[in-house]
Amino acid sequence: NAVQDKDVLAKTSADTSSQPKQPKVKMDTNPPKGTRDFYPEEMRLRTWLFDQWRSVAAGYGFSEYDAPVLESEALYTRKAGEEVTQQLYNFVDKGDRAVALRPEMTPSLARMVMAKKGGLPLPLKWFSIPQCWRYERMTRGRRREHFQWNMDVWGVAGEEADAELLSAMVTFFKKVGLTSEDVGIKVNSRMVIGEILTELGIPEEKFAATCVLVDKLEKVPLDAIQGDLEELGLDRSVVERLTGVLTVNSVEAIQEILGEESPAVQQIKKLISLCEGYGIEDWIIFDASVVRGLAYYTGVVFEAFDRKGVLRAIAGGGRYDKLLETFGGDPTPAAGFGFGDAVIVELLKDRDLLPSFEASGVDTVVFAMNEDLYKASLDVASKLRAAGQKVDLILEPKKTKWVMKHANRIGAKYCAIIGSQEFENGEVAIKNLEASEQESVKIAELEEWVSKQ
Ligand SMILES: OCc1cccc(Br)n1
């Protein structure tokens, strides 16, 4: 029983001979709302981006992991009013289970760590590139899925882990040609808000929801969330004190407010000092207004942004030392970031930094001049492939003109033509399409020919 999405009129494919003639209905060939198809051209860009991410992760000694795109909804039913949990792509499956397409990867990672019950040697340095989902009313025409590079360190409580993650993010930016003129990373610690709220007598259990609301201040004016803040028990004077502190963007100023002994100030100073150790201080900006929108962050938080201020956040992350406990696990320090595949591509396009891709990466097109020579073309193609070449074998009779046009269109470097004359001499004619030269090569010596290209 294929699920019939109301928007997709399924083609009548079943045997309709016994039924009255059904009007042919045209299938909707668009992908589901908010999702994308990746044709080969788009797939080459996506593969390139993922290769850059994987290369940086490998350079930092991170191991790749994965988890099902489908998870129990219970992983995400946090009650802190986060956007990510309010837009769950959730449903009840045929086994009556409440499930959801993952909106983020960190809860799956926590579940996987929990499953090993302390049997994993810490620290963990794991990365993944999951497709994540949200069901957002398409009012704003935003996407419902994206791929998000996740990098996480579990088992290290110190800011050394946060700084290592920041360094990895900067290494990626540099790798794709961006500089600290193009991108900055705002850093802060949620301990700043924590110390302010404590000073104002707000209980710890309101901390996460307050941060989620404060994060919304980036997008909506204060009075849009005033009601929610008051519902949380934060009266106007508390909110004014809080928002006053959030406008601070220097460590000295925050130290003035919280005092030199403040753990939050110490943490931020240490983080910035470690960033100097990596030589990435030009990328880093302290900004007390950054809290990020996920409830489970507990300490350092950070957010990469384009300095022109045109695009949405490029990436974000932070420390989440209490997440495992909320899942019933042992207290385990953790920090990580998520880096989406959409904004970064917009930025690279804007900076003209997107690479151009070899159309297909095919080295040689192989084709037989007539059907009697088709089997010979299989031998030629197999020898070239065995020697490591990427070969596009022409599978049906074609005119030479068509084959040459095809080979040029796909960006092949050579065209190997099996013709009767050459074949009688045990040879194949190979055209170099870039140099417009042609040579005859012994079929028995093709491996050697490849080694010389
Ligand atoms: O960045 C939040 C998010 C989560 C899932 C899918 C998409 Br698109 N965006």
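As shown above, the structure is provided for reference.
In short, a report on the structure. Here the structure is a predicted model, which means the values were calculated and not measured. (Residues numbered from 1 in each chain as written. Predicted model: local features only at pLDDT ≥ 70, side-chain atom pairs only at ≥ 80, totals over all residues. Heavy atoms only, no water.)

Our focus in this paragraph is helix H1 (residues 40-59). With 20 residues, H1 extends 28 Å between its outermost C-alpha atoms, agreeing within 8% with the 28 Å of an ideal straight helix rising 1.5 Å per residue. Burial in H1 covers these residues: Leu 45, Arg 46, Trp 48, Leu 49, Phe 50, Gln 52, Trp 53, Val 56 and Ala 57. Residues of H1 that are buried make contact with strand S5 (124-128), strand S7 (145-154), helix H4 (159-175), strand S12 (334-340) and helix H12 (343-350). Gly 61 occupies a position one or two residues after H1 and carries a positive phi of about 75°. (Helix = DSSP H or I, 4+ residues; strand = E, 2+ residues; numbered from the N terminus. Expected span 1.5 Å × (residues − 1). Buried < 20%, exposed > 50% of the residue type's maximum accessible area, 1.4 Å probe, protein only. Contact = heavy atoms within 4.5 Å.)

Right, let's get into the packing of aromatic side chains. Scanning the model with the defined rule gives 21 aromatic pairs in all. The interplanar angle of 55° and the centroid separation of 5.8 Å between the aromatic rings of Trp 149 and Phe 172 together place this pair among those described as tilted. Taken together, the positions of Trp 149 in strand S7 and Phe 172 in helix H4 put the pair 23 residues apart, joining distant regions of the chain. Phe 172 carries the same exposure label as Trp 149, and that label is buried. Summarising the aromatic geometry, the rings of Phe 173 and Trp 283 are spaced 5.9 Å apart at their centres and angled 10° between planes, so their arrangement reads as stacked. Taken together, the residues span a long stretch of sequence, with Phe 173 in helix H4 and Trp 283 in the loop between helix H10 (263-278) and strand S9 (284-286) at a distance of 110 residues. We note that Phe 173, like Trp 283, is buried. (Phe/Tyr/Trp six-rings, centres within 6.5 Å; stacked < 30°, edge-to-face > 60°.)

Viewed as axis vectors pointing N to C, helix H5 (residues 190-199) and H10 meet at an angle of 170°, and their least axial separation amounts to 8 Å. Between H5 and H10, the interaxial angle falls into the category roughly antiparallel. Across the interface between the two elements, Met 191, Val 192 and Glu 195 of H5 pack against Pro 263, Ala 264, Gln 267 and Ile 268 of H10. In terms of residue class, the contact of H5 with H10 is made up of five nonpolar, one polar and one charged. (Axes fitted to C-alpha atoms, helices over the stretch in contact; angles between N-to-C directions. Parallel < 35°, antiparallel > 145°, perpendicular 65-115°, else oblique. Nonpolar A, V, L, I, M, F, W, Y, C, P; charged D, E, K, R; others polar.)

Spatial ordering of the open sheet is given by S14-S13-S15-S16-S17, a layout of five strands whose pairing is mixed. Single-partner strands in this sheet number two, and they are strand S14 (391-393) and strand S17 (437-442). Strand-to-strand twist in this sheet, taken as the mean axis angle between neighbours without regard to direction, amounts to 25°. Judged from the four bridges that link them, strand S15 (residues 414-418) and strand S16 (residues 427-432) form a sheet pairing that is antiparallel. Bridged to Cys 415 within S16 is Lys 431. (Pairing = 2+ DSSP bridges.)

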